[in-house]
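So the chains spell out like this:
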Amino acid sequence: MNSIQIPLLIPVTFLFASLLTPLAGLLGRSWAHLVSLAGAVFVFFLSLKGLGAALTEGPLRYHVSGWLPPMGIEFVLDPLAGFLEVIITGMTVLVLIYARKSVEIENPDKAVPFYTLTMLLMTGLSGMVITGDLFNLYVFLEISALAGYALLAIGGKRAPFSAFRYLTLGTLGAGFYLMGLVFLFMTTGTLNMADMSRMLPLVNGSFTVTTGLILIILGAGLKMGLFPLHTWLPEAYTNASSAATSLIAPVGTKVAAYILIRMLIISGFPPLIELLTWVAAVGIIAASILAIAQSDIKRMLAYSSVANIGYIALGITLANPLAFIGAMLHILNHALMKAVLFFAAGGIFNKMGTRDIFQLRGLPKKMPFTAGAMLIAVFSMVGIPPTGGFFSKIYLIFGAIEAGTWFFVAVILISTLLNFVYFFRVIQTSFFKPYETAGTPDDDVKYESMEMDEMSPGMLVPTLIISVVIILVGLFNGAIVDKVIIPGHPWFSG
Amino acid sequence: MLELIEGYYAYFFLILLFLIGLYGMMIKRNLMKKIFGMSIVQSSVILFWITSAFKEKATVTVLDPGIGLENPDLYLNPLPHTLMLTAIVVAVVTLGVSFALIIAIYRNYGTLDEPRLLERTR
């Protein structure tokens, strides 16, 4: 196969899988699962191959129907896009393995729509990452968003309402993006990203361009759940089914963050992003404090997502190489950690019947492997050395030091302590409470009678795979940074 | 100042329309009215694009024997119009999804009033 076609094949394979999945669903639920899984695995290998080709031969460009770039739509797979693509498709494969059993338990009659919508969501997300055209980006953005609303509406009784609130804010975000784009289009007369980045310096400082950029950044901020605009996120994540949450939480907001990166690279990091750095810093602290206030584990994880999006935004907007490496590494790490934690939360809800973190007593006794995987993810979240989370935080801190902004160093350190507080509550109740004498007699009887009842292998295996990957990312982070992130870096690759 | 208003009044009206839609989405309590607001926001953005393509004394981008090919300035830029066709489709689909969600909400809770919904979802 010619590697030049990979950029087109990635979204198109997902699109075809989304059409085939409901047809396969007529034969049975397991067929629908098989088709969607096969599509995701195929795209995962395509993106690995594409990333490899992009690293050795330079960016892969595909011109749709042969129209050359400033006029036609082009799909570009450069190392940055390839890196994101590998993360999101790899996550999809693992989530689909997990989803088979999880959907069977939670919403068996919605299984076929679930797989179809997953494929449609991935069409949008992978297209957003790979496209080189700003209007095309909007179309993919709406494809992924519409699939996402429907996906998050599958769940409990409350899910449609929280999905509706996400829909209004998400549509507003897309509206802001499109409104901002018209300002840029009026000034430069082009929609191609590469062309736009050549044009914008010529009109730098123009009021129209600044307005457009602010609107686009606002739209991206709404989509990624950046702190003051995050209100849709905790509700939507909490009420959706665990499979849907564990797909959208690691993948969806990261791709929105990628739009922010792309826009900032195109516009050459305008000075107004300093404001965004402050917003991100406030968001990190505020969302961490809000996470401490939660007792529902999924809601706590959702607030923690908001805080971690803050880290990514902080790393991007500090606008220096080290912070950028930190942000990219954190995109990878956070996707892995959140997937494990949401997988574990789903398994715990199925087996122990609760999402209250104060009821998790005896978790290691009942579900030892889940508890172990969760422990690794929590260590990574807090930033304890052999795990991946430590290295992304250290890069972020070095980046803040290089920028000479000691305040942000303090923000990262304080938020690490806050992370420790809200995750340690989970560890404390589940691991150490049995050895305290505080439990009521009733509770003690329940604990004594608890037997090992691990979640089913189909759900456990992806959880364990990711938790091993978290440690591997930590051990080999040097290789990832040298080989993948630095070549994708705007200051090095131009 | 007067020149600014005279030259760009269409944009000012469209920004106003955008803000009216935003007001509807944020302040109105009924979910149906929120959808109206959302639709207004989308329409204002679409009209903004169309207005940006406007040129005085120019005509549609179809070859007119009377005008010929010598002066392309006499034709409009067709790109915003074609792009907005896509955006209109997106807007219609968004409406469809939001109505589906509204039906699901009404079936589950029997109301579309936001404060009451927040009370019942607690």
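The rules behind each value
- Counting restarts for each chain, with residues numbered from 1 along the sequence as it is written.
- To label them, take the chains in the order written and letter them from A, then take the ligands in the order written and number them from 1.
- Since the coordinates come from a predicted model, pLDDT governs what is reported: local features require at least 70, and pairs of side-chain atoms require 80 or more to be given and counted, while whole-chain, interface and lining totals use all residues.
- Secondary structure elements are defined from DSSP: runs of H or I of at least 4 residues count as helices, runs of E of at least 2 residues count as strands, and each element is numbered from the N terminus.
- Only the C-alpha atoms count toward the radius of gyration. The rule for a globule is 2.2 Å times the residue count to the power 0.38.
- Partly exposed residues are those falling between the two cut-offs: more than 12 but fewer than 20 other C-beta atoms within 10 Å of their own, whereas 20 or more means buried and 12 or fewer means exposed, with C-beta atoms placed from the backbone.
- Remark: residues whose backbone-derived C-beta atoms lie within 7 Å of one another are considered to be in contact.
- Here a nonpolar core is just a set of buried residues of the types Ala, Val, Leu, Ile, Met, Phe, Trp, Tyr and Cys, joined wherever their C-beta atoms sit within 7 Å.
- One confidence number per residue, pLDDT, is output by the predictor and ranges from 0 to 100.
- Three classes are used: nonpolar for Ala, Val, Leu, Ile, Met, Phe, Trp, Tyr, Cys and Pro, charged for Asp, Glu, Lys and Arg, and polar for all others, with Gly counted as polar.
- Interaxial angle, 0 to 180 degrees, is taken between N-to-C directions of lines fitted to C-alpha atoms, where a helix line uses only the stretch in contact.
- Our angle categories are set so that under 35 degrees counts as roughly parallel, over 145 as roughly antiparallel, 65 to 115 as roughly perpendicular, and the remainder as oblique.

## Thoughts on the overall build of chain B
Counting secondary structure elements, chain B contains four helices and zero strands. Along chain B, helices (α) and strands (β) appear in the sequence α-α-α-α when read from the amino end. Against the compact-globule benchmark of 14 Å for 122 residues, chain B has a radius of gyration of 20 Å, which places it well outside the compact range. A principal-axis box enclosing the C-alpha atoms of chain B has dimensions of 65 × 35 × 15 Å. Within chain B, the proportion of its 122 residues that are buried is 22%. Once local pairs closer than 6 in sequence are excluded, the contacts in chain B between residues at least 24 apart make up 44%.

## Considering the overall build of chain A
Looking only at helices and strands, chain A has 21 helices and two strands in total. Relative to the 2.2 N^0.38 estimate, which gives 23 Å for 494 residues, the radius of gyration of chain A is 22 Å and therefore close to what a compact globule would have. C-alpha atoms of chain A, sized along the principal axes, occupy 75 × 60 × 40 Å. Every one of the 494 residues in chain A was classed for burial, and the buried ones make up 61%. Of all intrachain contacts in chain A linking residues separated by at least 6 positions in sequence, the fraction that spans at least 24 positions is 79%.

## Things to note about the environment of P160 of chain A
You can see P160 of chain A is positioned in helix α6 (residues 159-188). Owing to 26 C-beta atoms within 10 Å, P160 of chain A belongs among the buried residues under this scheme.

## Comments concerning the nonpolar core
One finds L152, L260 and V340 of chain A to be the most contacted residues of the largest nonpolar core, which totals 210 residues. Counting residues per element, this core draws most heavily on helix α13 (residues 321-352) of chain A, which supplies 19 residues.

## Concerning the confidence of the model for chain B
All names here are of chain B. Looking at chain B, pLDDT values average 86 and 100% of them are 70 or higher. Looking at the elements of chain B, mean pLDDT is at its lowest for helix α4 (residues 114-121), recorded as 82, and at its highest for helix α2 (residues 31-52), recorded as 91. The ipTM assigned to the predicted complex is 0.92, against a pTM of 0.90.

## So, the interface of chain B and chain A
With 25 residues of chain B in contact, the opposing surface of chain A contributes 23 residues. For the side of chain B that touches chain A, the secondary-structure elements that each account for two or more residues are α2, α3 (79-109) and α4 of chain B. Looking at the side of chain B that touches chain A element by element, the count peaks at 13 residues for α3 of chain B. Of the residues belonging to the side of chain B that touches chain A, the class tally is 17 nonpolar, seven polar and one charged.

## Section: the confidence of the model for chain A
Across chain A, pLDDT averages 84, with 94% of residues at or above 70. Within chain A, no element has a lower average pLDDT than helix α21 (residues 490-493) of chain A, which sits at 52, and none a higher one than helix α5 (residues 134-153) of chain A, at 91.

## Concerning the packing of helix α1 (residues 6-27) of chain A against helix α2 (residues 29-57) of chain A
How two helices sit against one another is set out by the angle between their axes and by the gap between those axes. All names here are of chain A. Put simply, α1 and α2 touch, their axes get as near as 7 Å, and they point 175° apart. One way to sum up the angle between α1 and α2 is to call them roughly antiparallel. Among the residues forming the contact of α1 with α2, the class breakdown is 16 nonpolar, seven polar and two charged.

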